[in-house]
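Fold and contact review
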Amino acid sequence: MLLDNLDNTSDVVASRIEQITGTPVALVVGDAADDEVVGAAFAEHGPFEAIIHFAAHKAVGESTQKPLEYYANNLDSTFALLRVGLANGIRSFVFSSTGTVYSNPADLPFRETGTRDLVELSNPYSKSKLINEVILADVQKVNPELNVTLLRYFNPVGAHESGLIGEDPQGIPNNLMPFVARVAVGSLPEINVFGDDYDTPDGTGLRDYIHVVDLAEGHVAALEKAQPGLASYNLGTGRPVSVLELIASFEKAVGRELPKVIAPRRPGDMAATYCDPAKAESELGWKARFGIDDMTSSVWNWQQKNPRGYAS
Ligand code: WQD
């Protein structure tokens, strides 16, 4: 069952998932931070063994402008899902966390033991995710039979190979991949490269992009391997890719150059962030399968088939 307030997606997704999987998908439209909404969903569609908690605001820049909305939404949803889930006997709680909880660039490539110092984090989004991790660890301590798995995503990008589902951010995309896709499809004029004077091989920012299908399979592996206790895993490729490399890969998929300009650095951006994914491989038997060319070509396929996203 999907529970979503649809404030950053479309109800079309549920029917497209049914098209892809051939199995019915129940969609409950409502706020995951509301105990009554979550309780009603359990009553109607339960019982459930597990909750995968994705429900959060996630734009780093926006979170610096709206701290109260970010802490309220990203924490209240966890409280409601935990209260109702535990009252209904769930055995697993998989949490969508982030590689932006790692606070010390000297720890690169980030392992799960990397420093996570709240006061060093630069934005309310990342802090809300780290606070969630602390809450979940303490709740698990008093529910020893519960599995809590913290999945720390690096940069999720890409679309399903069918082109039926993909990323469709509202308004002008903050993130690089959907912005490039909008330029490629002609709905935005040019790509702004936020700085080419970083201490990286080509001067542009390095990130650990991971295909969203690899990310989904990481969740399935976490559920299948779940044992009572607390576990955390990085979900990334361990292979950093620069802004210019991502754009070059997208241009290969499109078959032509895309208009781009070098723009000033974006405040708060790190030069490089990427992980060491070895723990997920050894403990979950999971390893990212796709490279950047698979990611960009899947996005181009999605965007071409849905030039206006789900409103197409
Ligand atoms: C990537 C690179 C920019 C836009 C995101 C999410 C965050 C977290 C991690 C989940 C950087 C450059 C970007 C543009 C550019 N996800 N860039 N022009 O900042 O790593 O964070 O992934 O937890 O929630 O926000 O991703 O795609 O915004 O930036 O040059 O128009 O692309 O400087 O080097 P980021 P991003």
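Residues numbered from 1 in each chain as written. Predicted model: local features only at pLDDT ≥ 70, side-chain atom pairs only at ≥ 80, totals over all residues. Heavy atoms only, no water.

**Things to note about the packing of aromatic side chains**
By the definition in use, this model includes five aromatic pairs. Each ring, one from Tyr-102 and one from Phe-110, has its centre 4.9 Å from the other, and the planes form 15 degrees; the classification is stacked. For the pair shown, Tyr-102 and Phe-110 are each scored as buried. Between the aromatic rings of Trp-302 and Tyr-310, the centroid separation amounts to 4.9 Å while the plane-to-plane angle is 55 degrees, which identifies the pairing as tilted. With a relative accessible area of 10%, Tyr-310 lands in the buried category. Here the aromatic residues Tyr-102, Phe-110 and Phe-154 are joined through ring pairs into a cluster of three or more. The ring of Tyr-198 has Arg-265 lying over it, and the distance from NZ or CZ to the ring centre is 4.0 Å. Across from the ring centre of Tyr-233, 5.0 Å away, lies the NZ or CZ of Lys-279, which sits over that ring. (Phe/Tyr/Trp six-rings, centres within 6.5 Å; stacked < 30°, edge-to-face > 60°. Buried < 20%, exposed > 50% of the residue type's maximum accessible area, 1.4 Å probe, protein only. Lys NZ or Arg CZ within 6 Å of the ring centre and 35° of its normal.)

**A word on the site of the ligand**
Neighbouring the ligand are 18 residues; Tyr-125, Asn-192, Arg-207, Arg-266 and Asp-269 lie closest to it. Within the side chain of Asn-155, a nitrogen or oxygen atom sits 2.9 Å from an oxygen atom of the ligand. Here an oxygen atom of the ligand and a backbone polar atom of Phe-194 are 2.9 Å apart. Within the complex, the protein chains bury 93% of what would otherwise be the 690 Å² of accessible surface of the ligand. The leading source of residues in the shell around the ligand is strand 7 (residues 191–194), at three residues. (Near = heavy atom within 4 Å. Polar contact = N/O pair within 3.5 Å; in protein donor to acceptor, adjacent residues only side chain to side chain. Areas by Shrake-Rupley, 256 points an atom, 1.4 Å probe, with all protein chains shown as cover. Helix = DSSP H or I, 4+ residues; strand = E, 2+ residues; numbered from the N terminus.)

**Some details on the side chain of His-219**
Relative to the helices and strands, His-219 resides in helix 7 (residues 212–224). For His-219, a relative accessible area of 5% corresponds to the buried category. Polar side-chain contacts of His-219 include one of 2.6 Å to the side chain of Tyr-153. The contact partners of His-219, leaving out residues within four places of it in the chain, are Ile-52, Phe-54, Val-94, Leu-151, Tyr-153 and Leu-235. (Contact = heavy atoms within 4.5 Å.)

**Examining the sheet that holds strand 11 (residues 241–242)**
The strand order across the open sheet formed by three strands is 11-8-13, and the pairing between neighbours is mixed. The outermost strands of the open sheet, each flanked by one partner alone, are strand 11 and strand 13 (272–273). Examined bridge by bridge, strand 8 (residues 206–207) and strand 11 share two bridges and lie antiparallel to one another. Bridge assignment links Arg-207 to a residue of strand 11, and that residue is Val-241. (Pairing = 2+ DSSP bridges.)

**Section: a negative patch on the surface**
On the surface, a cluster of negative charge is made up of Asp-7, Asp-31, Asp-34, Glu-36 and Asp-76. Mapping Asp-76 onto the fold places it in helix 4 (residues 67–87). Since its relative accessible area comes to 36%, Asp-76 is described here as partly exposed. (Patch = residues over 30% accessible without salt bridge, like charges linked within 9 Å, V, L, I, M, F, W, Y side chains within 5 Å. Salt bridge = Lys/Arg side-chain N within 4 Å of Asp/Glu carboxyl O. Lys, Arg positive; Asp, Glu negative; His and termini not counted. Charge placed at Lys NZ, Arg CZ, Asp CG, Glu CD.)

**Considering the environment of Thr-149**
Locating Thr-149 in the fold gives a position in strand 5 (residues 147–153). Sequence separation between Thr-149 and Ser-92 is 57 residues; the distance between their C-alpha atoms is 7.7 Å. Excluding residues that lie within four positions of it along the chain, Thr-149 makes contacts with Phe-93, Val-94, Phe-95, Ala-222, Ala-231 and Tyr-233. A polar atom in the side chain of Thr-149 sits 3.0 Å from the side chain of Asn-147.

**Regarding the environment of Val-28**
When you line up the elements, Val-28 lands in strand 2 (residues 27–29). Taking relative accessible area as the criterion, Val-28 reaches 15% and is therefore assigned buried. Residues Val-28 and Ala-41, spaced 13 residues apart in sequence, show a C-alpha to C-alpha distance of 6.9 Å. Those residues within four positions of Val-28 in sequence are excluded, and the remaining contacts are Met-1, Leu-2, Leu-3, Asp-4, Ala-41 and His-45.

**Focus: the confidence of the model for the chain**
Looking at the chain as a whole, its pLDDT mean stands at 97, while 100% of the residues score no less than 70. Of the two predicted TM-score estimates for the complex, the pTM is 0.96 and the ipTM is 0.97. (pLDDT = per-residue confidence, 0-100.)

**Some thoughts on helix 5 (residues 124–141)**
Here helix 5 is 18 residues long and its end C-alpha atoms lie 26 Å apart, about the 26 Å a rise of 1.5 Å per residue gives. Among the residues making up helix 5, those that are buried are Pro-124, Tyr-125, Ser-126, Ser-128, Lys-129, Leu-130, Asn-132, Glu-133, Ile-135, Leu-136, Ala-137 and Gln-140. With a side-chain oxygen positioned 3.1 Å from the backbone nitrogen of Tyr-125, the residue opening helix 5 is Asn-123. (Expected span 1.5 Å × (residues − 1).)

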